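Topology and contacts: notes
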Amino acid sequence: MKKNFFEGIDLTILFVTLGILTAGLLAIFSATYTSGTEYFSRQLTFALFGILLMMVVSYIPPRIIAKGSYIFYGLSLILLLLVLFFGKKISGSKSWFSMGGFGIQPSEFAKIATILALANFLSSTEDGFKNVNRPLVFLKSCVLVILPVILIMRQPDMGTTLVFLSMILPILFWAGLSPYVLFVIISPVFAVIGAFFGTNYFIIALVLVAIILLFFKRNIFLTAGILVMNFVVGFSVDSLYNKLQPYQQNRIKGVFDPTTDPLGSGYNVIQSKVAIGSGGLFGKGFLEGTQTQLKFIPEQWTDFIYCMIGEEFGFVGSVLILVLYMVIIFQLVNNAYATKNKFLSVACIGFASIILFHLVINVGMTIGIMPVIGIPLPLMSYGISSLLSFLVMMGIGMSAYRYRNQY
């Protein structure tokens, strides 16, 4: 009995998840040490509940998860709509329901629901995946993601909106989207980034796009049309930037140089970089971080939790956390590859994409190379909705391992 029990459990996801949770709890305890244990106690309570929930989910057969995916998706859309009318406004965003002293954020659970609905749609055929290169299939897939995105933008919550958009292309690529179509979709990003840095970078970006398009050896008129599209998109960047409000322009400038607004948009980033840099190789020690204990960074137990790791556990501790996340991502991709169930395969890719996006943006925020857009660090940042949603993702990832031989 014990042998069969352990054979069905994805021990890699289980133990690495527990390791990240433990690190997160220690970080929250340290970050709130001088102001009480309320946040730590809440996170610990829901972490224990979430671990139990993760294990229960890991035993649910994939056919049951798939059957309930559209219902879950529909309920998530209803909650996203209701929160616009009855939600509590925090920091200018109406994203939470206030229930008994707790804040519940529907968009966190909508991430899971959207991935599962998209996975069900793409895998609902006997011959593998639907052909996502067909315009109608591609459009329907995009609609499943765009519907919750529209509601989330109304809150407004730009960080969560970007999370939703980040998962669709990896999922579609996994389901068979042509590399050519994928590149055509993402090529304007190169043009925008190049245009933002200046004319020379814009020209380099267009040349790079042209070389890659020629590599695909498609119709010359189609290639020229795509290049024109990239030129128009990049050329419009300056005009769109000038139409932004001054505070919005300052936020963008603050991404590249926080010192342009040291007491405003750049404050958190500057203090975070000081904290991480002062940690050195091995850190100052648990509860010994001056930036952390003196609260130089407001509410650092949420989005800026990683700077506490850097200050008190140093470079070694910071790298160890990154390694744990990469193990989780690798294992989810491995489960997606190994499972015979197409539905769970797509779901695992979606979860891996979301975790990777959160990781890159959140850590990038703390070291000043990414915009500060309110992206939590998975399983570590304080937040009940975020914590539970990621643990459910881990449970479904473990289900893919358990039922990897079932179609």
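Details of the structure are given in the entry above.
This text gives an overview of the structure that appears in the document. (Residues numbered from 1 in each chain as written. Predicted model: local features only at pLDDT ≥ 70, side-chain atom pairs only at ≥ 80, totals over all residues. Heavy atoms only, no water.)

**Section: the packing of aromatic side chains**
- Applying the stated criterion to the full structure yields 15 aromatic pairs.
- Centroid distance Phe-85 to Phe-86: 6.5 Å. Interplanar angle 50°. Geometry classified as tilted. Comparing Phe-85 with Phe-86 shows no difference in burial state: the two are exposed.
- Members of the aromatic cluster, joined through ring pairs, are Phe-29, Tyr-33, Phe-40, Phe-286 and Phe-313.
- Sitting above the plane of the Tyr-59 ring, Arg-402 keeps its charged end 3.7 Å from the centroid. (Phe/Tyr/Trp six-rings, centres within 6.5 Å; stacked < 30°, edge-to-face > 60°. Buried < 20%, exposed > 50% of the residue type's maximum accessible area, 1.4 Å probe, protein only. Lys NZ or Arg CZ within 6 Å of the ring centre and 35° of its normal.)

**Some thoughts on the side chain of Ser-69**
- By secondary structure assignment, the location of Ser-69 is in helix H4 (residues 62-86).
- With residues up to four places along the chain from it excluded, the contact list for Ser-69 reads Ala-113, Leu-116, Ala-117 and Asn-120. (Helix = DSSP H or I, 4+ residues; strand = E, 2+ residues; numbered from the N terminus. Contact = heavy atoms within 4.5 Å.)

**Brief notes about the nonpolar core**
- Residues Leu-122, Leu-332, Phe-351 and Met-380 are the most contacted members of the largest nonpolar core, which totals 96 residues.
- Examining the composition of this core, we find that 15 residues originate from one element, helix H16 (residues 342-366), more than from any other.
- What Leu-122 contacts, discounting residues up to four positions off in sequence, is Gly-128, Phe-129, Lys-130, Val-132, Ser-141, Ile-171, Leu-172, Ala-175 and Val-346. (Core = buried A, V, L, I, M, F, W, Y, C linked by side-chain atoms within 4.5 Å.)

**Thoughts on the pattern of salt bridges**
- Applying the stated rule across the entire model yields three salt bridges.
- Glu-108 serves as the salt-bridge partner of Lys-111, at 3.0 Å between the closest nitrogen and oxygen. With Lys-111 and Glu-108 both in helix H5 (residues 106-123) and three residues apart, this pair spans about one turn of that helix. Taken individually, Lys-111 and Glu-108 each receive the classification buried, so the pair is uniform in this respect.
- With a shortest N-O distance of 3.2 Å, Glu-311 and Lys-284 are connected by a salt bridge. On the criterion of sequence distance, the pair formed by Glu-311 in helix H15 (residues 305-338) and Lys-284 in the loop between helix H13 (267-278) and helix H14 (290-293) is long-range, its members being 27 residues apart.
- Overall, the relative accessible area of 0% leaves Glu-311 in the buried class.
- Its relative accessible area of 33% is what places Lys-284 among the partly exposed residues. (Salt bridge = Lys/Arg side-chain N within 4 Å of Asp/Glu carboxyl O.)

**Observations concerning the packing of helix H3 (residues 38-58) against helix H17 (residues 384-402)**
- Running from N to C, H3 and H17 point in directions that differ by 25°, and their axes come no closer than 8 Å. With respect to their mutual orientation, H3 and H17 come out roughly parallel. The hand of the H3/H17 crossing is right-handed. Within the contact between the two elements, H3 uses Gln-43, Phe-46, Ala-47, Phe-49, Gly-50, Ile-51, Leu-53, Met-54, Met-55, Val-57 and Ser-58 and H17 uses Ile-384, Leu-387, Leu-388, Leu-391, Val-392, Met-394, Gly-395, Ile-396, Met-398, Ser-399 and Arg-402.
- A class-by-class count of the residues in the contact of H3 with H17 yields 16 nonpolar, five polar and one charged. (Axes fitted to C-alpha atoms, helices over the stretch in contact; angles between N-to-C directions. Parallel < 35°, antiparallel > 145°, perpendicular 65-115°, else oblique. Left-handed = near helix turned anticlockwise from the far one by under 90°. Nonpolar A, V, L, I, M, F, W, Y, C, P; charged D, E, K, R; others polar.)

**Some words on helix H2 (residues 11-31)**
- Its 21 residues place the ends of H2 30 Å apart at the C-alpha level, agreeing with the 30 Å of an ideal helix rising 1.5 Å per residue.
- By the N-cap criterion, in which a side-chain oxygen at the helix start approaches the backbone nitrogen of a residue two or three places on, H2 is capped by Asp-10, the distance to Thr-12 being 3.2 Å. (Expected span 1.5 Å × (residues − 1). Polar contact = N/O pair within 3.5 Å; in protein donor to acceptor, adjacent residues only side chain to side chain.)

**Let's talk about the sheet that holds strand E2 (residues 93-99)**
- Judged by pairing direction, the sheet is antiparallel, and its three strands sit side by side in the order E1-E2-E3 without closing on themselves. Each having just a single partner strand, strand E1 (88-90) and strand E3 (102-104) make up the two edges of the open sheet. Geometrically, the sheet is characterised by an average inter-axis angle of 55° between neighbouring strands, direction not taken into account.
- As paired elements, E1 and E2 share three bridges and run antiparallel to each other. Bridging from a neighbouring strand, Ile-90 pairs with Ser-93 of E2. (Pairing = 2+ DSSP bridges.)

**Some thoughts on the environment of Ala-31**
- With respect to the helices and strands, the residue Ala-31 is situated in helix H2.
- Classification of Ala-31 by relative accessible area gives buried; the value is 0%.
- Not counting residues within four places of it along the chain, the set of residues in contact with Ala-31 comprises Thr-292, Lys-295, Gln-300 and Trp-301.

**Structural notes on a nonpolar patch on the surface**
- Together, Ile-185, Ile-186, Val-189, Phe-190, Ile-193, Phe-196, Phe-197, Tyr-201, Ile-204 and Leu-208 give the surface a local cluster of nonpolar side chains, amounting to about 900 Å² of exposed area.
- Those elements that place two or more of their residues in the nonpolar patch are helix H8 (179-197) and helix H9 (199-216).
- Tallying contributions element by element places H8 first for the nonpolar patch, with seven residues.
- By the element assignment, Phe-190 lies in helix H8.
- On the accessibility criterion, Phe-190 (36% relative accessible area) is partly exposed. (Patch = residues over 30% accessible without salt bridge, like charges linked within 9 Å, V, L, I, M, F, W, Y side chains within 5 Å. Areas by Shrake-Rupley, 256 points an atom, 1.4 Å probe, with all protein chains shown as cover.)

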